[in-house]
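Analysis of the macromolecular model
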Amino acid sequence: KAQKHAVIVVAEGCGDTLIKSSGGTDAGGNKVLADVGTWLKSQLEEYFKKMRHPLTLKYIDPTYMIRAVPSNANDTVFCTVLAQYA
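One structure accompanies this document, and this report is about it.

Reading the values: the criteria
Residues numbered from 1 in each chain as written. Predicted model: local features only at pLDDT ≥ 70, side-chain atom pairs only at ≥ 80, totals over all residues. Heavy atoms only, no water. Helix = DSSP H or I, 4+ residues; strand = E, 2+ residues; numbered from the N terminus. Buried < 20%, exposed > 50% of the residue type's maximum accessible area, 1.4 Å probe, protein only. Areas by Shrake-Rupley, 256 points an atom, 1.4 Å probe, with all protein chains shown as cover. Expected span 1.5 Å × (residues − 1). Polar contact = N/O pair within 3.5 Å; in protein donor to acceptor, adjacent residues only side chain to side chain.

Here's the deal with the overall build of the chain
The secondary structure content of the chain amounts to 3 helices and 0 strands. Along its sequence from the N terminus, the chain presents helices and strands in the succession α-α-α. Within the chain, buried positions represent 9% of all 86 residues. As displayed, the chain offers around 7400 Å² of accessible surface, 58% of which is attributable to carbon and sulfur atoms.

Concerning helix α3 (residues 73-85)
Here α3 contains 13 residues, and its C-alpha end-to-end distance of 19 Å stays within 8% of the 18 Å for a straight helix at 1.5 Å per residue. With a side-chain oxygen positioned 2.8 Å from the backbone nitrogen of N74, the residue opening α3 is N72.

Side note on helix α1 (residues 36-50)
Counted at 1.5 Å a residue, the expected span for α1 with its 15 residues is 21 Å, and the 21 Å between its end C-alpha atoms agrees. At the C-terminal side of α1, R52 shows a positive phi close to 55°.

Dropping the structure here:
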């Protein structure tokens, strides 16, 4: 609170307990999970607007940037940089 900023990290599959997913599968045959990131972003924006408190929100979803290719050491570096600059 004193710093007036926060970093929120959300696990990809946690949204299925809060919002309903399509139930489909992606091209790789994986279950398409509910998009909790965009849902949480809209919930936060709505809450802060209701409280009349200014909010600057940056939403980064690196899921498919990382999953689109086999993982390697660069993925670790990329995630570290995202975390450090969040």
